[in-house]
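Given next are the chains, with one letter for each unit.
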Amino acid sequence: MTGARARILHPYSAQGPLCRASESHEAAIDLDTHQIPDTFPRAEVTSLVEKKLDVLVIGAGPTGLACGIEAQRAGFNALVVDKGCLVNSLFNYPANMTFFTTPELLEIGDLPFSTAHQKPTREEALEYYRKVAEHYRLPVAQYQRVETVTGADGRFQITTADNLGRICDYNARKLVVATGYYDLANQLGVAGEDLPKVFHYYREPHPYFDCDVVVVGGKNSAAISSLDLWRHGARVTLVHRGPKMHHHVKYWILPDIENRIKNGEIKAYFNSGVESIEPESVVLDTAEGPVRLKNDFVFALIGYHPDYDFLRAMGIELSSEQCRPVCDPETLESNVGGIYVAGVIVAGSRTNEIFIENGRFHGKLIAEDLKRKLGAGAGR
Ligand SMILES: Cc1cc2nc3c(=O)[nH]c(=O)nc-3n(C[C@H](O)[C@H](O)[C@H](O)COP(=O)(O)OP(=O)(O)OC[C@H]3O[C@@H](n4cnc5c(N)ncnc54)[C@H](O)[C@@H]3O)c2cc1C
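Calculation notes
- Residues numbered from 1 in each chain as written.
- Predicted model: local features only at pLDDT ≥ 70, side-chain atom pairs only at ≥ 80, totals over all residues.
- Axes fitted to C-alpha atoms, helices over the stretch in contact; angles between N-to-C directions.
- Helix = DSSP H or I, 4+ residues; strand = E, 2+ residues; numbered from the N terminus.
- Parallel < 35°, antiparallel > 145°, perpendicular 65-115°, else oblique.
- Left-handed = near helix turned anticlockwise from the far one by under 90°.
- Contact = placed C-beta atoms within 7 Å.
- Near = placed C-beta within 6 Å.
- Nonpolar A, V, L, I, M, F, W, Y, C, P; charged D, E, K, R; others polar.
- Pairing = 2+ DSSP bridges.
- Buried ≥ 20, exposed ≤ 12 C-beta atoms within 10 Å, placed from the backbone.

(A) Representation of the packing of helix H6 (residues 220-231) against helix H7 (residues 254-262) within the structure. Interaxial distance between H6 and H7 falls to 10 Å at its minimum, and their mutual angle equals 55 degrees. In terms of orientation, H6 lies oblique with respect to H7. Considering the relative orientation of H6 and H7, their crossing is left-handed. Contact with H6, carried on its side by Ala223, Ser226, Leu227 and Trp230, involves Asp256, Ile257 and Arg260 of H7 and no other residues of that element.

Listed below in structure tokens is the structure:
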């Protein structure tokens, strides 16, 4: 696995395929040396620009990478595009997190993921997926958000914008959408939710030492964050609308959070919600009536959801109940010919049904269908 470089397209070298040269090169030129700073060998960039894409994959999460790899292994030229970095969602997970899953169940591209521990850390997973992308020399255009998709099966046009607002246009015969769910947090929908002390993502405990923190939610994220905050000196109040911690909380986490609550080390309000958030307090709606708590920070960890509007804008129909994209379960081709859906978005709002463990197999399903529809790509 050494030596190879992933073809990571860096926006500041702006060498995306079919990129509008005038817009991109201007920003990339070093004014002192008049050189265009590339972050990787120019020869590789050039060859990519000249190719027409068979497949463009939106999203460089574990699933998107698996889709790109399997398409490439089937002989198709594929490009993976992400609005953030490689495995951007995992990068944004709590800094010190450990996966629930043992490493072999996170593997893609048939490459082994080994760790000295029973379960890998976020850092180990980031390293693993970097190595996988390198090993397969997978072209990944980072920091390019897909803004529009037009055209039809066999001739899609995809437009991206990078962090500096520069536009890139791509043409692809087929499209795979693997955009995940972690970018859009479910909202409490209460007054004060837009205050700067309210977060929908938890990173690390240190800033909350000796502070009054409310954690809203009853699943794994809320349980793990509450414990981590409490262990690092925060005064934690957990608020959950259910009568007890949710049954999805992992069996090794549940006794820990329940015992902290039983001992009064973490205060919990069940059958309760947040009524409003104010700069120095929160008001809870509890079974015993309204309760006002002194408060410094709020973590609303009540889940995330796919970008349904993005899917609809491409013409993908969503089921009325759970917003599942309409697709053939055997091939994952959506109701829009030539557009495949992959990863957690396939489950719509039921984001706990598909995760890395099972979403990683979507790449092979899609590659099989690509072979049927485009003909075997091998040997290109
Ligand atoms: C704290 C936490 C712990 C977890 N632990 C586990 C575990 O132990 N085991 C497990 O199997 N699962 C776990 N999961 C769930 C798992 O991480 C997700 O199910 C998985 O990441 C989904 O993979 P994906 O490739 O479908 O989506 P993602 O990993 O979310 O990737 C989607 C990518 O699409 C990109 N994107 C979105 N919109 C655009 C756009 N318009 N243009 C370009 N790019 C775009 C995003 O930047 C992102 O990189 C955990 C989740 C969380 C939150």
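(B) Geometry of the site of the ligand. Among the 33 residues in the neighbourhood of the ligand, the closest are listed as Gly59, Gly61, Thr63, Gly180 and Gly343. Taken together, the elements giving at least two residues each to the shell around the ligand come down to helix H3 (62-73), helix H4 (88-91), strand S5 (144-152) and helix H9 (356-359). When its residues are assigned to classes, the shell around the ligand shows 15 nonpolar, 13 polar and five charged.

(C) Summary view of the sheet that holds strand S14 (residues 289-294). Taken in spatial order, the three strands line up as S12-S13-S14 in an open sheet, and their pairing is antiparallel. Lying at the two open borders of the sheet, with one neighbouring strand each, are strand S12 (273-278) and S14. Going from strand to strand, the sheet's axes swing by 20 degrees on average, the running direction of each strand aside. As paired strands, strand S13 (residues 281-286) and S14 are joined by six bridges and run antiparallel to one another. Among the inter-strand pairings, Val283 is bridged to a residue of S14, identified as Arg292.

(D) The arrangement of the pairing of strand S6 (residues 155-162) in detail. Residues Phe156, Ile158, Thr160 and Asp162 of S6 are buried on one face, while the alternating residues Arg155, Gln157, Thr159 and Ala161, pointing to the opposite face, are not. In the sheet, S5 pairs with S6 via eight bridges, with the strands oriented antiparallel. Across the sheet, the residue bridging to Gln144 is Asp162, located in S6. A loop of two residues connects S5 with S6, the two strands running antiparallel in sequence, and Gly154 in this loop sits at a positive phi of about 95 degrees. Between the antiparallel neighbours S6 and strand S7 (residues 167-177) lie four residues, among them Gly165 with a positive phi of about 80 degrees.

(E) Local environment of the sheet that holds strand S8 (residues 198-199). A sheet is described by the order of its strands in space; here five strands give the open sequence S8-S15-S9-S10-S11, paired in parallel fashion. Strand pairing shows two members of the sheet lacking a second neighbour, S8 and strand S11 (267-269), which therefore form its edges. As defined by bridge partners, strand S10 (residues 235-239) adjoins S11 across three bridges and the pair is classed as parallel. Note that in S11 the partner of Leu238 across the bridge is Ala268.

Distances and angles like these do not, on their own, reveal function.
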